[in-house]
Amino acid sequence: MNTIKVIGLGPGDFGYITLECWELMQEAKNLYLRTAKHPTVPMLQQRGITFATYDSFYEEAEDFAHLYEKIAKDIVDKALSGMDIVYAVPGSPMVAEKTVVLLRELVAGLQDKIQ
């Protein structure tokens, strides 16, 4: 499996994006945002950052539990297929971000199978 790096877009203002996150986004070949509905996104676009989002998944999901499971699984599947992924979430990835919890569980489950 290739790498999955999870970063946060901060609380809203572009100035709150850390330098490390900014550099990861600039270098990412495969940058995925959980959603483009975040105040920093127009500034990313203005600065030439290219990304894909999971906004279309919201339209198809039965509920948030299924939505977050589907996003986490898609990210892991992409990494398993050979892609290095940078996954950006609103706010902090460590605060109330269910997709990050699910990603950790999926990756831990894969690592248990390998050992």
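Presented here is a report on the structure given in the accompanying data block. Every value quoted in this text rests on a predicted model; they were computed, and no experiment measured them. (Residues numbered from 1 in each chain as written. Predicted model: local features only at pLDDT ≥ 70, side-chain atom pairs only at ≥ 80, totals over all residues. Heavy atoms only, no water.)

**Some thoughts on the pattern of salt bridges**
Then step 1. Inspection of the entire model under this criterion finds 4 salt bridges.
Then step 2. When the shortest N-O distance is used, the salt bridge between Glu97 and Arg34 registers 2.9 Å. Note that Glu97 is positioned in the loop between strand E4 (85-89) and helix H5 (98-114) and Arg34 in the loop between strand E2 (31-33) and helix H2 (41-46), a separation of 63 residues in sequence.
Then step 3. Measuring nitrogen to oxygen at the nearest pair gives 3.0 Å for the salt bridge that ties Asp74 to Lys78. Highlighted residues: Asp74 and Lys78, both in helix H4 (residues 64-80), separated by 4 residues, approximately one helical turn. (Salt bridge = Lys/Arg side-chain N within 4 Å of Asp/Glu carboxyl O. Helix = DSSP H or I, 4+ residues; strand = E, 2+ residues; numbered from the N terminus.)

**Quick word on helix H1 (residues 19-27)**
Then step 1. Regarding H1, the residues found buried are Cys21, Trp22, Leu24 and Met25. Each buried residue of H1 sits inside an arc of 165° when the element is viewed along its axis, so together they form one side. Looking at H1, the residues exposed on the side facing more than 90 degrees away from the buried face are Leu19, Glu20 and Glu27. (Buried < 20%, exposed > 50% of the residue type's maximum accessible area, 1.4 Å probe, protein only. Arc of directions from axis to C-beta.)

**With respect to the environment of Tyr16**
Then step 1. Locating Tyr16 in the fold gives a position in the loop between strand E1 (4-8) and H1.
Then step 2. Residue class for Tyr16 comes out exposed when judged on its relative accessible area of 56%.

**What about the sheet that holds E1?**
Then step 1. Judged by pairing direction, the sheet is parallel, and its 4 strands sit side by side in the order E1-E4-E2-E3 without closing on themselves. On the outer flanks of this sheet lie E1 and strand E3 (52-53), each paired with one strand and no other.
Then step 2. Judged from the 5 bridges that link them, E1 and E4 form a sheet pairing that is parallel. Counted as the bridge partner of Gly8 is Val89 from E4.
Then step 3. The sheet strands contacting H1 are E1, E2 and E4, and the helix crosses E1 at an angle near 130°.
Then step 4. The sheet contacts of H4 involve E1, E2 and E4, and relative to E4 the element is tilted by about 160°. (Pairing = 2+ DSSP bridges. Contact = heavy atoms within 4.5 Å. Axes fitted to C-alpha atoms, helices over the stretch in contact; angles between N-to-C directions.)

**Considerations on the side chain of His38**
Then step 1. Checked against the element boundaries, His38 lands in the loop between E2 and H2.
Then step 2. Taking relative accessible area as the criterion, His38 reaches 9% and is therefore assigned buried.
Then step 3. Side-chain polar atoms of His38 contact the backbone oxygen of Gly10, separated by 3.0 Å.
Then step 4. Among residues more than four places away in sequence, those in contact with His38 are Leu9, Gly10, Pro11, Gly12, Pro90 and Gly91. (Polar contact = N/O pair within 3.5 Å; in protein donor to acceptor, adjacent residues only side chain to side chain.)

**Observations regarding the packing of aromatic side chains**
Then step 1. Taken as a whole, this structure holds 5 aromatic pairs when the rule is applied.
Then step 2. With a centroid separation of 4.9 Å and 80° between ring planes, the pair formed by Tyr54 and Phe57 is classed as edge-to-face. Take Tyr54 and Phe57: they sit in the same class, and that class is buried.
Then step 3. Among the aromatic side chains, those forming a connected cluster through ring pairs are Tyr32, Tyr54, Phe57 and Tyr87.
Then step 4. We note Lys70 situated over the ring of Phe57; from NZ or CZ to the ring centre the distance is 4.6 Å. (Phe/Tyr/Trp six-rings, centres within 6.5 Å; stacked < 30°, edge-to-face > 60°. Lys NZ or Arg CZ within 6 Å of the ring centre and 35° of its normal.)

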